[in-house]
Amino acid sequence: MLADPVFLLAVAFNGLTVGAIYALVALGLALIYGVLHIINFAHGSLLMLALYAAFFLFTLGGVDPYVAVLALAPGFFVFGYLLQRFVIAPISFGRDTNVLLVTLGLSIIFDNLALYLWTSTTRTINVPYAQTYVDIGVTAVALPRLVALGAALLVGVAFWLLMTRTDLGKAIRAVARERQGARIVGISVEHIFAVSFGLGTAVVALAACLLLPTFYVTPTVGYAFVLIAFTTVVLGGMGSFIGALLGGLLLGVVEAFSGVLLGESLGQIGIFLIFILVLLFRPTGFFGQRVA
Amino acid sequence: MRLRSGQAGALFVLAAFFLLLPQFVTSSYWLGLWTLTLFYALLGQSWNLLGGYGGQVSFGHAVFFGTGAYVSAVLQVKFGFNAWAGAAVAVAAGGLVGAFLGAVSFRYGLRGSYFALVTLAFAEVFRVLVNSWELTGSGFGMLIPLRPGAAHLQFTDRTWFYYLILALLAAACALVWWIERSRFGAYLVAVRENEDAAQALGIDCFRVKVVAITLSGALASVAGVFYVQYFLFVDSHIGYGPAMSVNALLAPLIGGAGTLFGPLIGAVALGALSELTTLALGKTPGVNLLAFGVLLLVILRFLPNGLMGLFRGRA
């Protein structure tokens with residue numbers, strides 16, 4: 001079975017489409033890390049909240065997730081902005097491990113608020129196009145997964161354009177590189193921090209809308225993603241967008257193959273082992289600069 | 001190595017309170033609650049040694065707790081070990097896992113948030129492993145057969161479990177108290193405050209951190225052994241899941257990280273808060289942890305030294 005090239009390609013492509021979602025979630029995390037140099041432990045919980053938002057928009061309002069993204073992305077941008085500016089920054093006093101603990105506290109709050117309000121029931125939505133399969137030669141892929149793959153690449157390009165071609169991107173890069181210098185030339189560092197956090201959160205909302213048609217939501221779903229997103233970001237190089245994109249796609253493929261080789265239960269181990277090994281032996285990842 | 005008079009007084013009151021508690025608390029519900037509170041204080045003290053005194057914040061203390069729980073369970077169930085012998089091996093195994101994890105991550109210079117994330121990843125690796133391995137009961141977990149009697153470390157009278165965890169916690173606090181006043185403790189705090197400066201002064205930071213994480217791992221596995229004997233069950237989510245890692249750090253952070261009584265005070269505060277929220281909002285899942293999360297943020301914002309900071313300000 002493993003010698004069959006068609007089968008291998010099918011597994012790889014399936015992994016790629018899962019990896020696209022990882023890449024999207026990780027892009028937001030990479031931006032937040034790259035600019036604020038903080039590890040946002042609440043990232044997965046924000047994804048979970050966005051999934052619930054998309055779920056309820058669909059079930060209560062009949063809004064398709066692909067349409068809901070138009071409201072959710074800006075909404076989550078504002079939410080992320082406020083969260084960083086008025087909760088995370090004041091509570092953490094700018095200290096690294098404090099930020100980690102504050103975001104851990106936030107993730108505990110979000111996860112358990114969801115558990116309290118919406119119970120631990122696993123929820124899915126039923127959209128007609130989820131059952132539409134596209135034949136790509138080696139295998140048939142569910143349409144939403146192809147859309148997610150395309151969107152991940154598009155968002156990657158959009159991020160790159162934003163960072164290199166706009167004044168905002170310039171300001172973000174200036175703050176990421178040299179906080180004090182940026183402040184001296186009149187950039188509001190607190191504002192840029194919050195904008196970056198907001199952008200990272202908006203991308204998470206986008207990922208949630210793309211994920212929901214073929215996935216599910218529970219209050220703990222974020223936790224599964226948070227380690228994967230960290231692995232992706234570490235693998236790609238802290239703060240590197242192209243690294244996060246490629247890292248996410250690669251992780252999806254690795255997960256697909258370790259699932260095939262080791263079975264579903266043991267297969268999850270691949271990602272955690274990669275995480276540990278990369279942190280230990282190549283903390284700069286593949287596209288990043290030396291950090292720690 | 002002497003207690004200050006204030007501390008001696010506090011210690012006397014604390015000891016009297018906890019020793020006499022079963023005389024007044026006769027309902028099994030409340031006694032169970034106090035037993036669990038002391039259990040969380042013990043788990044928190046183990047985190048406190050590494051995270052509070054040494055400044056190495058761990059997000060995966062379940063890796064040690066779970067090792068203690070699983071090793072003692074597997075030895076008893078699958079290899080016919082006596083519970084006490086199993087417990088001894090389990091605690092050694094917890095220390096060993098700590099030494100290994102510390103040696104690997106500190107050798108490669110992991111600090112701060114990176115160290116925290118790596119401990120979490122290790123806990124996840126262990127969780128997946130025990131969840132897929134037949135020897136560890138895979139998805140079903142490990143069930144310890146009921147064999148009442150002190151020889152099997154099981155007690156029909158739950159008061160004995162209370163005194164057991166009290167004795168274990170007292171021993172852990174004595175160890176931390178001794179470390180706090182030892183040369184090693186001073187090194188540990190120096191590493192927390194400024195590792196580069198400590199290194200420059202000739203402290204072998206790597207060794208100090210590895211010793212700290214070894215002791216911390218052994219202490220957390222004591223908590224794991226107790227848990228298994230108390231509930232006679234462990235599975236991969238209880239043992240190595242993120243909940244136990246969070247429990248380990250909440251009590252010391254809320255009580256006061258890097259203080260001797262911080263974990264105990266934090267555990268008591270969390271226990272009280274948990275009862276209050278249940279009283280106010282009913283026994284709905286998630287409510288307790290929701291309150292814990294809010295309390296954590298409030299403490300981080302207003303009392304960076306935890307509840308102990310309230311006392312220290314006046315002393």
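Residue positions are counted from 1 within each chain, in the order its sequence is given. Each chain is given a letter, starting from A, and each ligand a number, starting from 1, according to the order in which they appear as written. pLDDT decides what is reported in this predicted model: residues at 70 or higher carry local features, side-chain atom pairs at 80 or more are listed and counted, and totals for whole chains, interfaces and linings draw on all residues regardless.

S.K.: Outline the overall build of chain B, listing residues and values.
M.R.: Looking only at helices and strands, chain B has 14 helices and two strands in total. Compactness check: chain B gives a C-alpha radius of gyration of 19 Å against a globular reference of 20 Å for 315 residues, within 12% of the reference. By its C-alpha atoms, chain B is 55 × 45 × 40 Å across when sized along the principal axes. As a rule, residues whose C-beta atom has 12 or fewer other C-beta atoms within 10 Å are exposed, those with 20 or more are buried, and those in between are partly exposed; C-beta atoms are placed from the backbone. Looking at chain B residue by residue over its 315 residues, the buried ones come to 51%. Whether two residues are in contact is decided by their C-beta atoms, placed from the backbone, lying within 7 Å. Sequence separation of at least 24 residues holds for 76% of the intrachain contacts in chain B that already meet a minimum separation of 6. Secondary structure follows DSSP: runs of H or I at least 4 residues long count as helices, runs of E at least 2 residues long count as strands, and numbering of each begins at the N terminus. What the globule rule says is 2.2 Å times the number of residues to the power 0.38, and the radius of gyration is computed from C-alpha atoms.

S.K.: Go over the overall build of chain A with me, naming the residues and quoting the values.
M.R.: Each helix and strand counted, chain A has eleven helices and two strands in total. When its helices and strands are written in sequence order, chain A yields α-α-α-α-β-β-α-α-α-α-α-α-α. Rg of the C-alpha trace for chain A: 19 Å, near the compact-globule value of 19 Å for 292 residues, within the 12% margin. For the C-alpha atoms alone, the extent of chain A along its principal axes is close to 60 × 45 × 35 Å. Within the span of chain A, comprising 292 residues, buried residues form 53% of the whole. In chain A, once contacts between residues fewer than 6 apart in sequence are set aside, the share between residues at least 24 apart is 78%.

S.K.: An account of the interface of chain A and chain B is needed here, citing residue identities and associated values.
M.R.: Interface size is commonly expressed as the accessible area that is lost once the parts come together. Counting from both sides, the interface comprises 31 residues of chain A and, opposite them, 37 residues of chain B. When contributions to the side of chain A that touches chain B are tallied by element, the ones reaching two or more residues are helix H3 (65-92), helix H4 (96-118), helix H9 (221-236), helix H10 (241-267) and helix H11 (269-281) of chain A. Considering each element in turn, the side of chain A that touches chain B owes the most residues, 13 residues, to H4(A). The class makeup of the residues in the side of chain A that touches chain B is 23 nonpolar, seven polar and one charged. Residues are grouped as follows: Ala, Val, Leu, Ile, Met, Phe, Trp, Tyr, Cys and Pro are nonpolar; Asp, Glu, Lys and Arg are charged; all remaining types, including Gly, are polar.

S.K.: Tell me what's going on with H4(A), and back it up with residues and numbers.
M.R.: A helix is expected to span 1.5 Å multiplied by its residue count minus one. For H4(A), spanning 23 residues, the distance from its first C-alpha to its last is 33 Å, which sits close to the expected 33 Å at 1.5 Å a residue. Just downstream of H4(A), A:Thr119 is the residue with a positive phi angle, here 55°.

S.K.: Please set out the nonpolar core residue by residue, giving values where relevant.
M.R.: All names here are of chain A. Judged by nonpolar contacts, the single largest core of 211 residues is most densely connected at Leu24, Leu27, Ala50, Leu51 and Ala54. When residues of this core are assigned to their parent elements, the largest contribution, 19 residues, is made by helix H1 (residues 5-36). Once residues lying within four places of it in the same chain are set aside, the contact partners of Ala50 are Leu72, Phe76, Val204, Ala205 and Ala208. Residues enter a nonpolar core if they are buried, belong to Ala, Val, Leu, Ile, Met, Phe, Trp, Tyr or Cys, and are joined to the set through C-beta atoms within 7 Å.

S.K.: Explain the environment of A:Gly169 residue by residue, including any values.
M.R.: Residue and element names in this part refer to chain A. Looking at the element boundaries, Gly169 is found in helix H6 (residues 167-177). When the C-alpha atoms of Gly169 and His191 are compared, they prove to be 13 Å apart, with 22 residues separating the residues in sequence. Setting aside anything within four residues of it in sequence, one finds Gly169 in contact with Leu162, Met163 and Thr164.

S.K.: Quick rundown of the environment of B:Met244? Include the residues and the values.
M.R.: Residues and elements named next belong to chain B. Examined against the element boundaries, Met244 turns out to sit in helix H11 (residues 242-255). The class for Met244 is buried, based on 26 C-beta atoms found within 10 Å. Once residues lying within four places of it in the same chain are set aside, the contact partners of Met244 are Ala62, Phe65 and Ile238.

S.K.: Which residues make up the packing of helix H3 (residues 62-79) of chain B against helix H4 (residues 83-107) of chain B, and what values do they have?
M.R.: The description of two packed helices rests on the angle between their axes and on the distance between the axes. Residue and element names in this part refer to chain B. Two numbers describe how H3 lies on H4: the axes approach to 8 Å, and their chain directions differ by 145°. Crossing handedness for the pair H3 and H4: right-handed. Contacts between H3 and H4 involve Val63, Phe64, Thr67, Gly68, Val71, Ser72, Leu75 and Gln76 from the former and Ala83, Gly86, Ala87, Val89, Ala90, Val91, Ala93, Gly94, Val97, Gly98 and Leu101 from the latter. Angles shown run from 0 to 180 degrees and are taken between the N-to-C directions of axes, each axis being a line fitted to C-alpha atoms and, for helices, limited to the stretch in contact. By convention, the crossing between two helices is left-handed when the near helix turns anticlockwise from the far helix through less than a right angle, and right-handed when the turn is clockwise.

S.K.: Give a description of unusual backbone geometry that names residues and reports values.
M.R.: Residues and elements named next belong to chain B. Phi angles above zero are rare outside glycine, and Leu153 is one such case at about 60°. Along the chain, the position of Leu153 falls in the loop between strand E1 (142-143) and helix H6 (158-181). With a phi angle near 55°, Leu232 is a residue other than glycine that sits in the positive phi range. Structurally, the position occupied by Leu232 is in the loop between helix H9 (205-231) and strand E2 (233-234).

S.K.: Requested: an account of the confidence of the model for chain B, with residues and values cited.
M.R.: Mean pLDDT for chain B: 91, with 97% of residues reaching 70 or above. In the predicted complex, the global pTM is 0.91; the interface-specific ipTM is 0.89. Values of pLDDT, the confidence the predictor places in each residue, fall between 0 and 100.

S.K.: Just give me the short version of helix H2 (residues 28-53) of chain B, but keep the residues and values in it.
M.R.: All names here are of chain B. Relative to the 38 Å expected for 26 residues at 1.5 Å per residue, H2 spans 35 Å between its end C-alpha atoms, a close match to the ideal helical length. One fitted axis covers the seven residues ending at a residue, a second covers the seven starting there, and the bend at that residue is the angle between these axes. Remark: the principal bend of H2, roughly 40°, maps to Trp47. Where H2 terminates, the next one or two residues include Gly55, which has phi positive at roughly 70°.

S.K.: Which residues make up the confidence of the model for chain A, and what values go with them?
M.R.: Here chain A averages 87 in pLDDT, while 96% of its residues score no lower than 70. The lowest-confidence element of chain A is strand E2 (residues 140-142) of chain A, averaging 82 in pLDDT; the highest-confidence one is helix H2 (residues 43-61) of chain A, averaging 95.

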